[in-house]
Amino acid sequence: MIRYLTELSLEHFTEAARNIPYQQIHSDLFPGLNVWIRRDDLIDPLISGNKAYKLIYNLLEARKQGKDTIVTCGGAWSNHIHATAAAGQRFGFKTIGIIRGERPPKLSAMLQDAERFGMVLRFISRKEYRNRHQAEFLEPIGFDPDSSWFVPEGGANSEGGRGVQLLGRIITETAPVIFDECWLPCGTGLTAGALASVLPQTTSVTGVAVVRDEPGIRLEIKKWADQVEDQSKVDLILGGHHGGYGRVSESLRQTMTESERKEKLALDHVYGAKLMSALTHCAAEPFNEENKRQKNILILHTGGVQGKRGLTNN
Ligand SMILES: *Cc1c(COP(=O)(O)O)cnc(C)c1O
């Protein structure tokens, strides 16, 4: 059954998050592991995955401060832009998306959605976009701090981290078994770091980097998980990006096809499939088998299925 977030309140959101199912995966791909997947892609068909968690406190704060506009930024296939545009339409905010690069003759399917949801798109050059972390970045669009709330790229601010920590607490509360490891894809690393900061000490976090930016990810994880006593609690897998952000290899395509066919699980090529592929490789390493026997592994489905439309056949 498809469920929607229908109301902007912490109670409603928390209730929806508590009802997210954990699905056990019985697959010969993971010998010796008990693998479960938490389906946060199902929290809402449009405001999906970890982006929903990163948005919730941003939206609540904007509402509390009486701001009627959410301004954010991203690329042509950003799941965060998609979720923000949908959330704006759902909960009655105007939205402005600052998009990296020139406006193309034909918008990506994601940007078409965003416009349909009412987001105003402002295209800026890649050079200007590089200043996205500077205060001047918002000047050219005439950002008005009295009426507008800015959410940085990917939802990576302290409100975003708080939302992910809420997810971590809900996992702790609702987990069907005690998980030894929690696996998820890493873009900025915020989700991995914020989760590690609240998950119980018994659950380590393994992030699969989907970009080449190892120092950036480590820094972001550290920002959130610095208080974690045992720093070995967060593990980063670096070789699983299949060539870089958004890049696709033949083996990645196979992972996507197989998970769809065998597990009825739709994965996108940017995040989900890279995660699944890395876990498959790890499970297949014979020297690790002894260590991993009987381990309970939690995979987070962080959403992003809309981005699959960007997968071309060349
Ligand atoms: C944005 C995104 C991520 C990455 O989250 P970070 O907190 O930036 O590491 C992972 N999975 C999906 C589907 C995403 O959209």
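Keep in mind it's a predicted model, so treat the numbers as computed, not measured.

Draft legend 1. Representation of the pattern of salt bridges. This model, assessed by the stated rule, comprises 17 salt bridges. A salt bridge links D113 to R309; its shortest N-O distance comes to 2.8 Å. Placement of D113 in helix α4 (residues 109-116) and of R309 in the segment after β10 (295-300) is noted, with a sequence separation of 196 residues between them. Judged by its relative accessible area of 9%, D113 is buried. A cluster of three or more residues bridged by salt bridges with shared partners is formed by D28, E258 and K262.

Draft legend 2. Representation of the site of the ligand within the structure. Taken together, 15 residues sit near the ligand, with K51, N79, T188, T191 and T302 positioned nearest. Here an oxygen atom of the ligand sits 2.8 Å away from a polar atom, N or O, in the main chain of G187. At 2.9 Å, a backbone N or O of G189 approaches an oxygen atom of the ligand. Contact with the protein chains removes 97% of the 390 Å² of surface that the ligand exposes when unbound. Among the secondary structure elements, those contributing two or more residues to the shell around the ligand are α2 (50-64), β7 (181-186) and α7 (190-196). Residue contributions to the shell around the ligand peak at 3 residues, all from α2. Here the residues of the shell around the ligand are counted per class, giving 4 nonpolar, 9 polar and 2 charged.

Draft legend 3. Local environment of the sheet that holds strand β9 (residues 234-237). The 6 strands are arranged β1-β2-β10-β7-β8-β9 in an open sheet whose pairing can be described as mixed. Lying at the two open borders of the sheet, with one neighbouring strand each, are β1 (22-25) and β9. Recorded for the sheet is a direction-independent mean angle of 25° between the axes of neighbouring strands.

Draft legend 4. Examining the pairing of β10 more closely. With 5 of 6 residues buried, β10 is to be regarded as a mostly interior element. Bridge analysis of β7 against β10 gives 3 bridges, and the strand direction is parallel. Bridging from a neighbouring strand, E181 pairs with I297 of β10.

So, how was this worked out
Residues numbered from 1 in each chain as written. Predicted model: local features only at pLDDT ≥ 70, side-chain atom pairs only at ≥ 80, totals over all residues. Heavy atoms only, no water. Salt bridge = Lys/Arg side-chain N within 4 Å of Asp/Glu carboxyl O. Helix = DSSP H or I, 4+ residues; strand = E, 2+ residues; numbered from the N terminus. Buried < 20%, exposed > 50% of the residue type's maximum accessible area, 1.4 Å probe, protein only. Near = heavy atom within 4 Å. Polar contact = N/O pair within 3.5 Å; in protein donor to acceptor, adjacent residues only side chain to side chain. Areas by Shrake-Rupley, 256 points an atom, 1.4 Å probe, with all protein chains shown as cover. Nonpolar A, V, L, I, M, F, W, Y, C, P; charged D, E, K, R; others polar. Pairing = 2+ DSSP bridges. Axes fitted to C-alpha atoms, helices over the stretch in contact; angles between N-to-C directions.

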